[in-house]
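# Structural overview for review
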Amino acid sequence: MEPEESGAREAPNLAQMAASKLSRIGDRSKRLGSAMQEPARQRRIVLVIVCVVLLLDNMLYMVIVPIIPDYLEGMRQGQGGQASPAPGNGSERGAAHGGDFDMQVGVLFASKAIVQLLVNPLSGTFIDWVGYDIPLVIGLGIMFLSTLGFALAENYVTLLLARGMQGIGSAFADTSGIALIADRYTEEAERSRSLGIALAFISFGSLVAPPFGGILYQFAGKRVPFLILAAVCLADGLMCLAVLKPFADRERANMPVGTPIWRLMADPYIAVVAGALTICNIPLAFLEPTLATWMEKTMNSSNWEMGMTWFPAFFPHVLGVFLTVKLAAKYPHLQWFYGAVGMVFIGASSCTVPACKNFGELMVPLCGICFGIAFVDTALLPTLAFLVDVRHVSVYGSVYAIADISYCVAYAMGPVAAGKIVHDLGFAQLNLGMGLANVLYAPALLLLKNVAGMRPSYSERNMLLEDGPAGLYESVKEEERQKKRKGLSAAADDGAVETFVRRSFSESSGGESA
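Given the structure is predicted, the values throughout are model-derived calculations rather than measurements.

## Thoughts on the overall build of the protein chain
Per the secondary structure count, the protein chain includes 21 helices and zero strands. Buried positions account for 48% of the 514 residues belonging to the protein chain. The contacts of the protein chain with a sequence gap of at least 6 include a subset with a gap of at least 24, amounting to 84%. Surface summary for the protein chain: the accessible area is close to 24,400 Å², and the carbon and sulfur share equals 66%.

Below is the structure:
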């Protein structure tokens, strides 16, 4: 009987221990959840989520560069898409197939930007309508499916479908992510710094993806790099659901109505910024599909050199972001000037590319192009948010959809038009034309010189808030102010009652003693 009694006593003890552990885990989960909802910490987590989104999108955009041409060539030769040594460069393959191969690759590469260009006006309007978090989750979900599509695709049509799906996902995820950063970080210095961090992740994703994809493709096969990116995308989506709670019940009736995208496009200041973003990205978009072939023809470069050409440019890009953020914090009224300097840098660097004789020399102008792009993007992306704050309603979906359209125009034309221009005019003429376009456009940024004078001070913004909030961030702040006012008035009422009671008590005590 004694063992049975001891066993009976141990059973409740084990149940109590398990219940206490579950209770402690529940308490820790609640504390973690409340900590994640704290505004300052949530802003940092949101920045991490958006940076991962931009990293994934640009890695998926560039990871196919060393994979897809060789994979398609393998399918043409009836090898079932297995990794195989490339039988030649793009021009040799194109000659072997009557130019049809190069056209297929160019259309596949450009399809993402073309679809994204078409979807962006709709996604920007949708973001302004429902907020930033739901479109971000939708975009991540579509990007996840697109990445799986690349991993499982075994024919050209499936690859083209996956690439188009990536364009749809990017139109939602990239635009809502950048708009979410602009909405959460309202201080000018903080906004510039946060957008600069996001741009650094864009650069890192674009430059690290080709060696990442090429190495894994050669040693592990086509599916592995895409499955890794899909897993990261899924994890980022789950974090977004946990932190932002996009589908929780909340009031949407009081959300401010954003300015229509067509009206923003008609704003001359926004049009100047959009033009600068398009022109400054043309050299990068046109060199990516043509540089490797030119290097092989003029330098007899190896596959390793062609694959690593762009990677060193990541470091000057980060340096450019850092310098622009620091300068903007100290001299915020010169954002237009930083953008103009960046365009001159891009123009001069682009013009010197054809003069390079070897792999080492070529790194210098490519680093200059990425350094200049960092200046333009880091200076002008926050300027778009400031223009919306001052001249329109502080809802940022449509204005960053316009920025995304500007990028897509360059990257949609690049894979399709660059080869044709090189064939008809020559590689040197292509680079001289792109460089000249950047240098000639730089003075147009003088039109943004007066933007700094348009920005209201904080006192003016608070005065404007008395007539009603102008944006999502202001709506939240206005509600907090009202709660604080109610709390202060309630405290004042409690203090008045307490003073009245004490005075009455003292008077009654004085009367009794008298």
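So that's the structure; there's more coming.
## Brief notes about the environment of L195
For L195, the position within the fold is in helix α8 (residues 188–220). When the C-alpha positions of L195 and T378 are compared, they lie 6.9 Å apart, and in sequence the two are 183 residues distant.

## Notes on the packing of helix α6 (residues 133–152) against helix α7 (residues 156–184)
Remark: α6 packs on α7, axes separated minimally by 7 Å, with the N-to-C direction vectors making an angle of 155 degrees. The pairing of α6 with α7 is recorded here as roughly antiparallel in orientation. The chirality of how α6 crosses α7 is left-handed. When the residues that make up the contact of α6 with α7 are grouped by side-chain class, the tally is 14 nonpolar, nine polar and one charged.

## Comments concerning the packing of α8 against helix α16 (residues 359–391)
Put simply, α8 and α16 touch, their axes get as near as 9 Å, and they point 135 degrees apart. Here α8 lies oblique to α16, going by the angle between them. Regarding α8 and α16, the two cross each other, and that crossing is right-handed. Of the residues in α16, those in contact with E188, R191, S192, L195, G196 and L199 of α8 are D377, T378, L381, P382, A385, F386 and D389. Tallied by class, residues from the contact of α8 with α16 come to six nonpolar, three polar and four charged.

## Regarding the nonpolar core
Side chains of a nonpolar character, in soluble globular proteins, are inclined to be buried together. Membership of the largest hydrophobic core comes to 125 residues, with the highest contact counts inside it found for L291 and Y400. Per-element tally for this core: the top contributor is helix α2 (residues 39–63), with 16 residues. With residues up to four places along the chain from it excluded, the contact list for L291 reads T309, W310, V353, L362, L366 and F427. By size, the runner-up hydrophobic cluster in this structure holds five residues, among which are A328, Y338, F375 and A379.

## A word on α16
Relative to the 48 Å expected for 33 residues at 1.5 Å per residue, α16 spans 48 Å between its end C-alpha atoms, a close match to the ideal helical length. The buried count for α16 comes to 27 of 33 residues, which makes it a mostly enclosed element. Its side-chain oxygen 3.1 Å from the backbone nitrogen of G360, N358 forms the N-cap of α16.

Cut-off values and rules
- Residues numbered from 1 in each chain as written.
- Predicted model: local features only at pLDDT ≥ 70, side-chain atom pairs only at ≥ 80, totals over all residues.
- Heavy atoms only, no water.
- Helix = DSSP H or I, 4+ residues; strand = E, 2+ residues; numbered from the N terminus.
- Buried < 20%, exposed > 50% of the residue type's maximum accessible area, 1.4 Å probe, protein only.
- Contact = heavy atoms within 4.5 Å.
- Areas by Shrake-Rupley, 256 points an atom, 1.4 Å probe, with all protein chains shown as cover.
- Axes fitted to C-alpha atoms, helices over the stretch in contact; angles between N-to-C directions.
- Parallel < 35°, antiparallel > 145°, perpendicular 65-115°, else oblique.
- Left-handed = near helix turned anticlockwise from the far one by under 90°.
- Nonpolar A, V, L, I, M, F, W, Y, C, P; charged D, E, K, R; others polar.
- Core = buried A, V, L, I, M, F, W, Y, C linked by side-chain atoms within 4.5 Å.
- Expected span 1.5 Å × (residues − 1).
- Polar contact = N/O pair within 3.5 Å; in protein donor to acceptor, adjacent residues only side chain to side chain.

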